[in-house]
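# Structural features, examined
The residues making up each chain are set out below.
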Amino acid sequence: MDELGQVLLQLARRSIGEALGEAGPATPDLPALHENAATFVTLTQAGELRGCIGSLEAHRPLIDDVRANARAAAFRDPRFPPLTRDELARTRVEVSLLSPAEPLFVTDEADALTRLRPQVDGLILAVGGRRATFLPQVWEQLPEPAVFLARLKQKAGLPAAYWSPELRLWRYTVQKWQESPR
């Protein structure tokens, strides 16, 4: 694992620990930490999702984005109760650094499905005030493009078979780092 990945994982874990009243080791200061970046922090326990929150657009320094998203994943993911101090030791942290999203111009759903790159693309879907994303890691659970897109539509509160000319897609890639299993 490279130095940036190690620092981002330490930073995320320390941010959660501090919110729980635990002090962690200081993290090295790298120039990249002060550049604007978009990240997602994913928490798992025994391989099961425990929280995942992030930013789709770079709007603050990387150091601030990871800290904020780590705390949000631990304490404000609406799918889970807030993480407790007892859970922290068995929680695995993953940090994903997103590339800028690029529009995916498609004519219809069939065109979208042929243009998706399984295991590579993260996907953002937006229509009528609804928006949802799946990180590229979601391909591990949903390897078929049609299922991946259908579930993303459902995540956005739409029917799986929904399609509209107003629907917009963007794709992005990630560089990710994950702690060793706990």
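Throughout what follows, the structure given in this document is the object of discussion.

Calculation criteria
Residues numbered from 1 in each chain as written. Predicted model: local features only at pLDDT ≥ 70, side-chain atom pairs only at ≥ 80, totals over all residues. Heavy atoms only, no water. Helix = DSSP H or I, 4+ residues; strand = E, 2+ residues; numbered from the N terminus. Polar contact = N/O pair within 3.5 Å; in protein donor to acceptor, adjacent residues only side chain to side chain. Pairing = 2+ DSSP bridges. Contact = heavy atoms within 4.5 Å. Axes fitted to C-alpha atoms, helices over the stretch in contact; angles between N-to-C directions. Expected span 1.5 Å × (residues − 1). Buried < 20%, exposed > 50% of the residue type's maximum accessible area, 1.4 Å probe, protein only. Salt bridge = Lys/Arg side-chain N within 4 Å of Asp/Glu carboxyl O. Phe/Tyr/Trp six-rings, centres within 6.5 Å; stacked < 30°, edge-to-face > 60°.

What follows deals with the side chain of T91. Among the secondary structure elements, T91 is positioned in the loop between α3 (85-88) and β3 (92-98). A polar atom in the side chain of T91 sits 2.9 Å from the side chain of Q45.

Right, let's get into the sheet that holds strand β5 (residues 122-127). A sheet is described by the order of its strands in space; here 4 strands give the open sequence β4-β7-β5-β6, paired in antiparallel fashion. Both outer strands of the open sheet, β4 (102-103) and β6 (130-134), are each paired with one neighbouring strand and no more. Against the sheet, helix α5 (residues 145-155) makes contact with β5, β6 and β7 (168-172), and its axis sits at roughly 135° relative to β6, the strand it touches most.

The pairing of strand β1 (residues 38-45) with strand β2 (residues 48-54) spans 6 bridges and is classified as antiparallel. Bridge pairing links L43 to G51 in β2. Here β1 hands over to β2 after 2 residues, with A46 in that stretch at a positive phi of 50°.

With 17 residues, helix α1 (residues 3-19) extends 24 Å from end C-alpha to end C-alpha; this agrees with the ideal 24 Å at 1.5 Å per step. Here α1 has its buried residues at L4, G5, V7, L8, L9, L11, A12, R13, S15, I16 and G17. Considering only its buried residues, α1 is in contact with β1, α2 (62-75), α3, β3 and β8 (174-178).

Glancing now at the environment of A110. Turning to its location among the elements, A110 is positioned in helix α4 (residues 109-115). Looking at A110, the relative accessible area reads 47%, which means it is partly exposed. Sequence separation of A110 and A146 is 36 residues, and the distance between their C-alpha atoms is 8.9 Å.

What follows is about the pattern of salt bridges. In total, this model carries 13 salt bridges according to the counting rule given. Note that R60 and D65 form a salt bridge whose closest N and O atoms lie 2.8 Å from each other. By relative accessible area, R60 is classed as partly exposed at 23%. In this structure D65 comes out as buried when scored by relative accessible area, which is 0%. A single salt-bridge network, built from bridges that share partners, covers E102, R117, D121 and R171.

The next point concerns the packing of aromatic side chains. Think of a pair of aromatic rings as described by two things: how far the centres are apart, and how the planes are tilted against each other in angle. Scanning the entire structure with this criterion turns up 2 aromatic pairs. Measuring from centroid to centroid gives 5.4 Å for F134 and F148, while their planes differ by 65°, and the two rings are edge-to-face. Of the two residues, F134 is situated in strand β6 and F148 in helix α5; the sequence distance between them amounts to 14 residues. Here W139 and F148 contribute two aromatic rings whose centre-to-centre distance is 3.7 Å and whose plane-to-plane angle is 0°, an arrangement assigned as stacked. Taking relative accessible area as the criterion, W139 reaches 0% and is therefore assigned buried. The buried category is assigned to F148, whose relative accessible area is 0%. Through successive ring pairs, a cluster of aromatic residues spans F134, W139 and F148.

Keep in mind these numbers describe shape, not what the thing actually does.
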